[in-house]
Amino acid sequence: MSRRAVRGAGAAAALLTLALGSAGAQTIAITGATIYPVSGPKIANGTVLIRDGKIAAVGATVPIPSGAARIDAAGRWITPGLIQTGTTLGIKLLESGGLAQTAEDSVGGEVKAAFNVADGIDPASLTIPVARREGITGTLAVPSDGLVPGQGVFFDLAGDRLEDLLVKSPAVMVVDLSETGKEAGGGSRAGSVQRLRRTLRDALEYSRRKDDYHKAQMQKLSESAEDLEALKPVLRGELPVLALANRRSDIENALRLAREFKLQLVVWGGAEAWQSAAELAAARVPVVIEPLIEIPTFDALGPRLDNATLLRAAGVTTVLAQHDMAHFRDLRQAAGNAVRNGLSWDDALRAVTLTPAEVFGVQDRYGSLDPGKVANLVVWSGDPLDFSSAAEHVFIRGREVPAETRQTRLRDRYRELPPRF
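How each quantity is defined
Residues numbered from 1 in each chain as written. Predicted model: local features only at pLDDT ≥ 70, side-chain atom pairs only at ≥ 80, totals over all residues. Heavy atoms only, no water. Helix = DSSP H or I, 4+ residues; strand = E, 2+ residues; numbered from the N terminus. Rg over C-alpha atoms; globule rule 2.2 N^0.38 Å. Buried < 20%, exposed > 50% of the residue type's maximum accessible area, 1.4 Å probe, protein only. Contact = heavy atoms within 4.5 Å. Areas by Shrake-Rupley, 256 points an atom, 1.4 Å probe, with all protein chains shown as cover. Lys, Arg positive; Asp, Glu negative; His and termini not counted. Charge placed at Lys NZ, Arg CZ, Asp CG, Glu CD. Phe/Tyr/Trp six-rings, centres within 6.5 Å; stacked < 30°, edge-to-face > 60°. 1 Å grid on protein atoms, 1.4 Å probe; cavity = no way out; pocket = protein on both sides within 12 Å on 5 of 7 lines; lining within 4 Å. Points joined across faces, edges and corners; volume = space filled by probe spheres on them. Nonpolar A, V, L, I, M, F, W, Y, C, P; charged D, E, K, R; others polar. Axes fitted to C-alpha atoms, helices over the stretch in contact; angles between N-to-C directions. Parallel < 35°, antiparallel > 145°, perpendicular 65-115°, else oblique. Left-handed = near helix turned anticlockwise from the far one by under 90°.

Student: Residues and numbers for the overall build of the chain, please.
Tutor: Along the backbone of the chain there are 14 helices and 16 strands. For the chain, the C-alpha radius of gyration of 23 Å lies close to 22 Å, the compact-globule estimate for 421 residues. Taking all 421 residues of the chain together, the buried fraction comes to 51%. A fraction of 67% describes how many contacts in the chain between residues 6 or more apart in sequence connect residues 24 or more apart. As presented, the chain carries roughly 18600 Å² of accessible surface, and 50% of it is formed by carbon and sulfur atoms. Computed over 49 positive and 49 negative side-chain charges, the inter-centroid distance for the chain is 2 Å.

Student: Go over the packing of aromatic side chains, please, and point to the residues and values.
Tutor: Applying the stated rule across the entire model yields five aromatic pairs. With centroids separated by 5.1 Å and ring planes inclined at 25°, the aromatic side chains of tyrosine 36 and tryptophan 77 adopt a geometry described as stacked. Of this pair, tyrosine 36 sits in the loop between β1 (28-35) and β2 (43-51) while tryptophan 77 sits in strand β5 (residues 77-80), placing them 41 residues apart in sequence. For tryptophan 77, a relative accessible area of 21% puts it in the partly exposed group. Aromatic pair tyrosine 36 and tryptophan 345: ring centres 5.0 Å apart, planes at 55°, arrangement tilted. With a gap of 309 residues between them, tyrosine 36 in the loop between β1 and β2 and tryptophan 345 in helix α12 (residues 345-350) connect regions that are remote in the sequence. Aromatic ring contacts, followed pair by pair, group Tyr36, Trp77 and Trp345 into a single cluster.

Student: Provide a residue-level description of the layout of surface pockets, including the pertinent values.
Tutor: Estimated volume of the second largest pocket: approximately 750 Å³. Lining the second largest pocket we find 30 residues, and of these Thr180, Leu244, Asn246, Trp268 and His323 sit closest to its centre. Of all the secondary-structure elements, those providing two or more residues to the lining of the second largest pocket are β6 (82-87), β9 (166-176) and β11 (265-269). Ranked by residue count, the leading element in the lining of the second largest pocket is β9, at three residues. Considering only residue class, the lining of the second largest pocket consists of twelve nonpolar, eleven polar and seven charged.

Student: Talk me through the packing of helix α4 (residues 189-208) against helix α8 (residues 248-261); I want residue IDs and the actual numbers.
Tutor: Between α4 and α8, whose axes approach to 12 Å, the crossing angle comes to 15°. In terms of their interaxial angle, α4 and α8 are classed as roughly parallel. Crossing angle aside, the handedness with which α4 passes α8 is right-handed. Contact residues: Arg189, Val193, Leu196, Arg197, Leu200, Arg201 and Leu204 in α4; Asp250, Asn253, Leu257, Glu260 and Phe261 in α8. Its residues assigned to classes, the contact of α4 with α8 shows six nonpolar, one polar and five charged.

Written out as structure tokens, the structure reads:
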């Protein structure tokens with residue numbers, strides 16, 4: 001194909017994206033694809049009908065209204081948009097090398113329960129289009145640093161303002177029981193658990209004697225009133241605790257705390273979770289893992305590539321993630337590697353779509369292709385867990401988002417020399 005033809009095809013694709021994106025309430029029919037709803041069996045030669053930003057119908061015999069915009073997806077695959085869990089996507093600028101000036105994911109201190117990363121989200125972040133290009137449509141963004149880094153939020157990867165993106169805030173309270181959290185306990189894991197237990201007890205005391213606290217008629221508590229107030233939904237079991245824990249001993253500490261304070265626990269990291277699979281399953285505690293972790297560290301001496309397979313076999317609810325700043329775009333490759341190491345394909349797709357939606361309480365709107373849910377979906381050239389496949393159309397809230405990123409713009413600019421400015 002000539003360069004002129006390539007440019008023409010690109011312009012046509014851009015016009016299609018613009019037309020679909022500008023028609024917020026337009027009805028769109030994506031036809032002829034193999035559809036994987038996740039909540040049910042696959043549908044061959046099916047149609048997804050989108051109306052007013054939501055999925056209106058899914059099936060093999062969906063009537064298409066007159067005037068609907070059509071996308072022929074014959075030979076393609078359609079899945080829900082992927083959900084990335086536990087990242088700094090949108091709150092930390094990848095392209096600048098993670099400089100402190102670009103990070104909005106932490107504040108000073110060790111216990112920062114009142115800190116919420118939502119206001120640090122930049123809708124114009126250069127990382128967001130990169131993630132969308134790989135079929136990621138939603139993310140759980142979390143804070144970092146400290147024993148209680150703060151509150152994480154769930155948001156969609158499209159919109160010009162925070163209000164356009166935000167889905168659930170707060171979605172989790174993050175605590176760090178791993179190697180990186182022990183400084184809060186004087187350099188000891190036992191010390192950090194002791195401090196967290198004291199903080200939770202003080203939060204219970206504060207909730208019982210709030211008036212006395214503000215009248216200075218009780219002993220001083222360990223943390224600020226603002227942070228203790230923020231822990232109240234955690235202690236009521238309304239806000240999940242996302243506990244960073246990789247060692248088996250750290251995971252067991254998290255389980256003890258959850259029993260003691262009746263916490264809604266989610267283990268995050270879980271490199272040695274396979275060793276505690278029976279206990280996690282019995283406690284009905286979900287685990288968020290990176291399936292590519294296999295190298296022993298001081299934080300976890302026993303990671304395994306088949307961690308997800310062993311957890312699912314034990315009945316543990318498992319979410320797949322890719323936390324590394326440089327590789328969050330590789331979520332689907334990580335899921336594919338989990339399949340390579342024994343996890344079923346259906347479980348792997350669910351672990352990056354519907355399961356994280358369920359774990360973080362947004363399953364009524366996200367995670368599967370069911371009528372009435374938000375139209376976050378991807379049209380793939382082939383198997384999305386195959387590295388050679390690509391996301392050809394990405395829809396977020398019923399609008400197709402452009403595939404262009406800063407990287408593709410630089411590629412196109414310097415494809416010919418001298419570059420075009």
